[in-house]
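Results of the structural survey
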Amino acid sequence: MLLLTPGPTPVPEDIRMAMSEPTIHHRTPEFEEIFGKTRVLLKELFNMPEVLMLASSGTGAMEACVLNLCHAKALTINSGKFGERFGKICESYGKDYTELKQDWDTPASVEDVVDTVKNDDKIDAVFIQVCESAGGLRHPVEDIAKEIKKIRPNIMVIADGITAVGVEKVDTANIDALISGSQKALMLPPGLALIGLSNQAVEIIEKSGVGYYLNLKTELKAQKKNTTAYTAATTLIIGLKAMLEKLHADGFDKLYSDTKKRSFATKRALEALGLKIFPKSPADAMSAVYDEDAAKIRKILKTKYRVNIAGGQDHVKTTLFRINHMGLVHDYETAWTLNAIEMALEEIGRRPYDGTANAVFTKEITK
Ligand SMILES: *Cc1c(COP(=O)(O)O)cnc(C)c1O
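None of these values were measured; they are calculated from a predicted model. (Residues numbered from 1 in each chain as written. Predicted model: local features only at pLDDT ≥ 70, side-chain atom pairs only at ≥ 80, totals over all residues. Heavy atoms only, no water.)

Overview of the sheet that holds strand β3 (residues 73–78)
This is how it is decided: One requirement defines pairing of two strands: DSSP has to find at least two bridges between them. Every helix listed is a DSSP run of H or I at least four residues long, and every strand listed is a run of E at least two residues long, numbered separately from the N terminus. Angles here are taken between N-to-C directions and fall from 0 to 180 degrees, while the axes themselves are lines fitted to C-alpha atoms, restricted in helices to the stretch in contact. For this analysis, residues touch if any pair of their heavy atoms sits within 4.5 Å.
With mixed pairing, the seven strands of this open sheet are ordered in space as β2-β10-β9-β8-β5-β3-β4. Because the sheet does not close on itself, it has two edges, and the strands there are β2 (50–54) and β4 (97–101). With direction set aside, neighbouring strand axes in the sheet form an average angle of 20°. The pairing of β3 with strand β5 (residues 123–129) spans four bridges and is classified as parallel. Within β5, the position partnered with Ala74 by the bridge is Ala125. With respect to the sheet, helix α6 (residues 141–151) is in contact with β5 and β8 (156–160), its orientation differing from that of β8 by roughly 170°.

Spelled out as structure tokens, the structure:
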């Protein structure tokens, strides 16, 4: 089965091989060297001065940032399931927060965020997704970060880049924490979360770490010395080092431009089939299509063409499908998927098959 969901993504064979070596102990010079090299590569990927690796899924890093970077009141941006999650984390700790909610196809407005921050002195941290994966939506994170830092330079801007890091070059000039996870653009098995940090964020963390396992002060102290506070996810970190070296060899920019091209070509092919791209500001990480027959199309893809694409969640569970572009996806994999979608549309009586999807995709991708 071809796995083309926007997380988890398939793990390339050479990376699986790199992770197949016998387990090494995490308190050894051997592992510390691997850890140190991974830190250097991660800082370059994140384009940030500090970075942390946590043994948890991405949500663990979201929770750690809420705990350690927000000490008064949070502003959370909710255009979908993952933006909603920041609010739920605040709620679970009884942390004061206010939420700016948009429809799932609508990005946050810079003005709304700025006004909310201006009118509420208590807000000391803003939480937002770079790409809200629920609808494949790109928020104007960089503009928001820039504008709110102008009003309140000490405010913390926490960006969930789980479907953006490794997809595109995120401008981190005004971002204090950028979150990533192993199982999306980094093409690793699930279980490792990453956080890029600004110097300002490091200062706040070192002043007052909060929590026990998710205490970033404790982690920072250890990780600066190329070790972890608790048992490191050694195998995943070995895989991460191998993956970053592989991507770095061609240059991260090549990964970004390939992903962008694939994403663009896919969206044009889907539109050529008469399908509707869901978000008003589509991200490169995936193509999300709104369609009343989305569930039917997905089922045909799975059973007849052996392709697994994602559906939607909550109120768009059966009316959305999402095709992954993150990671090292072969063009022929996306082409096959688009062809299968066109075949499915014929099967459900929507339009006769004429090869449009592949013609458009191939033309765009070879430009
Ligand atoms: C997948 C994802 C997460 C969370 O991930 P888990 O690894 O399942 O905890 C958070 N935010 C975004 C935008 C995601 O795509």
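Some words on α6
Convention followed: Only protein chains enter the accessibility calculation, which uses a 1.4 Å probe; a residue is then buried when its area is under 20% of its type maximum, exposed when over 50%, and partly exposed in between. The arc under discussion is defined with respect to the helix axis, by the directions toward the C-beta atoms.
Considered for burial, the residues of α6 that qualify are Val141, Glu142, Ile144, Ala145, Ile148 and Lys149. The arc enclosing the buried residues of α6, seen along the axis, measures out at 160°, which places them on a common side. On its buried side, α6 packs onto α5 (110–118), β5, β7 (137–138), β8 and α7 (199–207).

Notes on the pairing of β3
By the criterion of burial, β3 is predominantly enclosed, with six of the six residues buried. Here β3 shows no split at all, with Lys73, Leu75 and Ile77 on one side and Ala74, Thr76 and Asn78 on the other all buried.

Structural notes on the site of the ligand
Put simply, the test is: One heavy atom within 4 Å of a molecule or strand is enough for the residue carrying it to be called near that molecule or strand. Under this definition, polar contacts are N or O atom pairs within 3.5 Å; protein pairs additionally need one hydrogen-donor-capable and one acceptor-capable atom, and for neighbouring residues in sequence, both atoms have to be side-chain atoms. For accessible areas, the Shrake-Rupley method is used with a probe of radius 1.4 Å. Any residue's cover is judged against the shown protein chains and nothing else. Three classes are used, and their members are as follows: Ala, Val, Leu, Ile, Met, Phe, Trp, Tyr, Cys and Pro are nonpolar, Asp, Glu, Lys and Arg are charged, and the others, Gly among them, are polar.
By nearness alone, 14 residues border the ligand, and Ser57, Thr59, Ser133, Asp160 and Lys184 come closest of all. In this structure, an oxygen atom belonging to the ligand sits 2.5 Å away from a side-chain N or O atom of Thr59. Ser133 is positioned with one of its side-chain polar atoms (N or O) 2.5 Å from an oxygen atom of the ligand. Calculation on the ligand without its partners gives an accessible area of 380 Å², and the protein chains cover 89% of this total. A per-element tally of the shell around the ligand places helix α3 (residues 58–69) first, with three residues. The residue makeup of the shell around the ligand, split by class, is four nonpolar, seven polar and three charged.

Considerations on the sheet that holds strand β14 (residues 320–324)
With antiparallel pairing, three strands are arranged side by side in an open sheet as β11-β12-β14. This sheet does not close on itself; its edge strands, each paired only once, are β11 (276–277) and β14. Where β11 lies against strand β12 (residues 286–290), two bridges are found, and the strand directions are antiparallel. By the bridge assignment for β12, Lys276 is matched with Tyr290.

Description of helix α8 (residues 216–223)
Taken as a whole, α8 has its buried residues at Leu216, Glu219, Leu220, Ala222 and Gln223. The arc enclosing the buried residues of α8, seen along the axis, measures out at 165°, which places them on a common side. The backbone nitrogen of Lys217 has a side-chain oxygen 2.9 Å away, supplied by the residue at the start of α8, namely Asn215.

As for unusual backbone geometry
Here the bond from Gly7 into Pro8 is cis, since omega is -5°, no more than 30 degrees from zero. Tracing the sequence through the fold places Pro8 in the loop between β1 (2–3) and α1 (13–18). Of note in the backbone geometry, Met187 takes a positive phi value of approximately 55° without being a glycine. Along the chain, Met187 turns up in the loop between β9 (177–181) and β10 (193–197). For Met187, a relative accessible area of 2% translates into the label buried. A positive phi angle, near 50°, is found at Asp314, a position not held by glycine. Positionally, Asp314 belongs in the loop between β13 (307–308) and β14.

Considerations on the pattern of salt bridges
Just so we agree on the cut-off: Only one rule defines a salt bridge in this text: a Lys or Arg side-chain nitrogen within 4 Å of an Asp or Glu carboxyl oxygen.
A complete count under the given rule lists 24 salt bridges for this structure. For Glu245, the salt bridge identified is with Lys241, shortest N-O distance 3.3 Å. One end of the pair, Glu245, and the other, Lys241, are both in helix α9 (residues 234–250), four residues apart, so they sit about a helical turn from each other. Judged by its relative accessible area of 36%, Glu245 falls in the partly exposed class. Judged by its relative accessible area of 17%, Lys241 is buried. Each of Asp291, Asp293, Lys296 and Arg350 takes part in a single network of salt bridges with overlapping partners.

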